[in-house]
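Take a look at the letters that make up each chain.
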Amino acid sequence: MAKTQYAMVMDLNKCLGCQTCTVACKKLWTDGDGMAYMYWNNVETRPGKGYPAGWTSAGGGFAGGQLLPGEIPPIEKYGVPFEYDYSQRLFEGKGKPVMPHVDPSFAPNWEEDVGENDRGENFYFYLPRICNHCTHPACLEACPRKAVYKREEDGIVLIDQERCRGYRQCVRACPYKKIYMNEVAGVSQKCIFCYPRLAQGTANACAKQCPGRLRFVGLLGDPESPVHRLVRVHKVALPLLPGKGTGPNVYYVPPFNPPRRGNSGKGLLEDPRIPWKTLTDLFGPKVKEVAQRLEAELSTAQAGGRSEVLQLLIGRDDSVRYRIAAKTPAGHAG
Amino acid sequence: MRFPASLAAPVLLLALAVPARADFLLAAGKETALLLNRTPAIFLTDPPGAKTDLKARARAQIEGKTLRVTLSWEDPTEDAVSGSKRAAYGSDPIYRKPTEKTDRFGDAAAMMVPAEKGVRFPGIMMGDPAREVRISLWRAGAEPETLRGRGRGTVEKAPAAAGFSAAQRRSGSRREVAFTIQEFDPELPVAFAIWEGASGDRNGYKWYSPWYLVRP
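Below, the structure is looked at part by part.

## Notes on the nonpolar core
Residues and elements named next belong to chain A.
For step 1, the next point in the chain: Of all hydrophobic cores here, the largest spans 91 residues; its most connected members are Ala 7, Met 8, Val 9, Cys 139, Cys 170, Val 227 and Ala 237.
For step 2, the next point in the chain: Top element by residues in this core is strand β1 (residues 6-11). It accounts for five residues.
For step 3, the next point in the chain: Beyond its immediate stretch of four places on either side in the chain, Val 227 contacts Ala 7, Met 8, Val 9, Phe 216, Val 217, Gly 218 and Leu 220.

## Notes on unusual backbone geometry
Most peptide bonds are trans, and most residues other than glycine sit at a negative phi.
Residues and elements named next belong to chain A.
For step 1, the next point in the chain: The peptide bond linking Arg 46 to Pro 47 adopts the cis configuration, its omega dihedral lying at 0°.
For step 2, the next point in the chain: Of note, Pro 47 is situated in the loop between β2 (42-46) and β3 (62-63).
For step 3, the next point in the chain: For the bond running from Tyr 51 to Pro 52, omega is -5°, close enough to zero to count as cis.
For step 4, the next point in the chain: In this structure, Arg 168 takes a positive phi of about 65° despite not being glycine.
For step 5, the next point in the chain: On the basis of neighbour count, Arg 168 is assigned to the buried category, with 25 C-beta atoms found within 10 Å.
For step 6, the next point in the chain: Backbone geometry places Lys 235, a non-glycine residue, at a positive phi of 55°.
For step 7, the next point in the chain: Its place among the elements puts Lys 235 in the loop between α8 (226-233) and β13 (238-239).
For step 8, the next point in the chain: Taking the number of C-beta atoms within 10 Å as the measure of exposure, Lys 235 has 14 and is therefore partly exposed.

## With respect to the interface of chain B and chain A
For step 1, the next point in the chain: Tallying the contact residues gives 26 residues for chain B and 33 residues for chain A.
For step 2, the next point in the chain: Within the side of chain B that touches chain A, the residues separate by chemical class into ten nonpolar, nine polar and seven charged.

Cut-offs applied
Residues numbered from 1 in each chain as written. Chains lettered and ligands numbered in written order. Predicted model: local features only at pLDDT ≥ 70, side-chain atom pairs only at ≥ 80, totals over all residues. Core = buried A, V, L, I, M, F, W, Y, C linked by C-beta atoms within 7 Å. Buried ≥ 20, exposed ≤ 12 C-beta atoms within 10 Å, placed from the backbone. Helix = DSSP H or I, 4+ residues; strand = E, 2+ residues; numbered from the N terminus. Contact = placed C-beta atoms within 7 Å. Nonpolar A, V, L, I, M, F, W, Y, C, P; charged D, E, K, R; others polar.

Have a look at this one:
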């Protein structure tokens with residue numbers, strides 16, 4: 001276990017599904033050869049297949065301390081990145097229409113905003129996902145070459161690109177399917193939690209670019225960090241698929257207040273638009289307690305009182321949302 | 001003192017059971033059918049191994065101090081990981097070479113030799129901590145590599161390894177990989193491994209031979 005642990009909290013009530021985080025990450029880290037299909041950060045619509053399709057049931061993780069079998073998703077489950085034949089159409093005078101070079105049948109966020117229907121009402125929400133930089137990473141456990149390592153100084157999980165030989169045991173083991181094979185480079189690659197940016201005191205690109213200001217970054221053990229306060233003090237953020245046994249360090253404030261139509265003012269607890277099963281499947285059984293806490297905070301604010309949780313979740317500026325270790329005194333335990 | 005006759009059988013059995021070193025021979029100039037084993041599962045999550053045995057042959061040639069071994073086996077599928085082709089619209093400078101398959105594994109073959117002479121041969125799984133091995137690796141779609149190892153999970157590029165080379169060619173559905181070692185010491189044994197990409201072979205999932213001594 002790392003001495004300290006960087007963590008991220010994402011408030012799903014604020015996610016617009018605009019994919020600015022996705023583009024920020026893509027342009028910064030995955031714009032090279034072999035990386036076209038990779039989205040270290042993706043935003044998917046839930047309920048939905050996700051990216052890669054069906055990742056929630058693709059196995060991996062631990063049971064009783066033992067690695068569980070997992071799938072290596074084929075490229076079709078990520079979506080085959082397609083190119084457009086501009087040159088033939090625009091510069092070579094050929095009359096063919098500009099078309100994708102493959103017939104697209106799936107892509108990241110292919111089913112945007114589709115969601116599901118419950119008792120006549122459609123519901124969906126957005127789920128941004130990055131590597132969870134787990135406390136007990138299944139990828140690290142599975143790698144036969146120990147190319148995957150967890151940094152002691154901040155808990156960030158990385159793949160040594162020199163040691164990796166592309167065996168993809170990590171891809172099989174990761175229950176979140178957040179490790180990607182680069183066929184051209186012959187190695188596996190993943191989210192690096194923007195560690196070079198953190199080293200300069202700057203927040204992760206996905207967080208910094210987010211127009212919804214829904215991401216909070218800091219050390220989990222730092223009492224002054226927003227992630228510590230949201231996860232450990234106020235207990236309003238939960239990890240994704242906690243039953244997978246890896247101890248994720250990305251946490252989510254669940255969507256808690258979309259009332260059904262005609263029930264203005266009522267929240268999830270009274271008349272849920274999002275069925276509980278949808279939320280418990282993703283965030284575990286504690287999601288009900290968290291929703292109750294959030295509803296109570298909302299009631300306080302609506303009655304004219306002050307809610308520290310809601311003030312924090314508003315995330316007015318960078319100083320509220322991020323507390324990067326380079327700018328903090330040393331010695332905070334993670 | 002007389003040797004008790006009752007001990008003769010147990011002593012003979014013990015002598016047969018604990019050979020001092022490998023006795024598999026690769027006679028130069030002759031095709032030898034290799035004894036190949038399949039590595040057992042390493043993790044609980046490992047897939048079951050192939051149900052049919054791979055049949056491979058090796059032919060050694062010695063010219064002066066140069067050893068050349070041609071390994072051949074039936075491989076109807078062409079499986080390569082790296083070096084995927086640029087797609088049709090690749091002339092655009094902003095175009096990036098794609099990953100075409102995320103679940104494909106490449107064919108590969110290797111020849112291993114001890115890094116130096118010793119009383120015992122190194123462990124057959126990439127050597128052992130006390131006995132380093134050198135590995136000449138050919139992988140479909142990639143440049144041949146010379147590696148070194150001191151046991152499972154320790155294999156890395158051998159920075160100063162010279163005199164090792166590997167080349168591949170097809171003969172119908174049969175694949176041939178020729179390994180060459182310059183300045184070969186004839187007292188050293190050689191061992192082989194074959195990975196079938198179509199079966200998902202990589203790292204420990206492979207066919208491997210015992211140590212073979214090369215005889216002129």
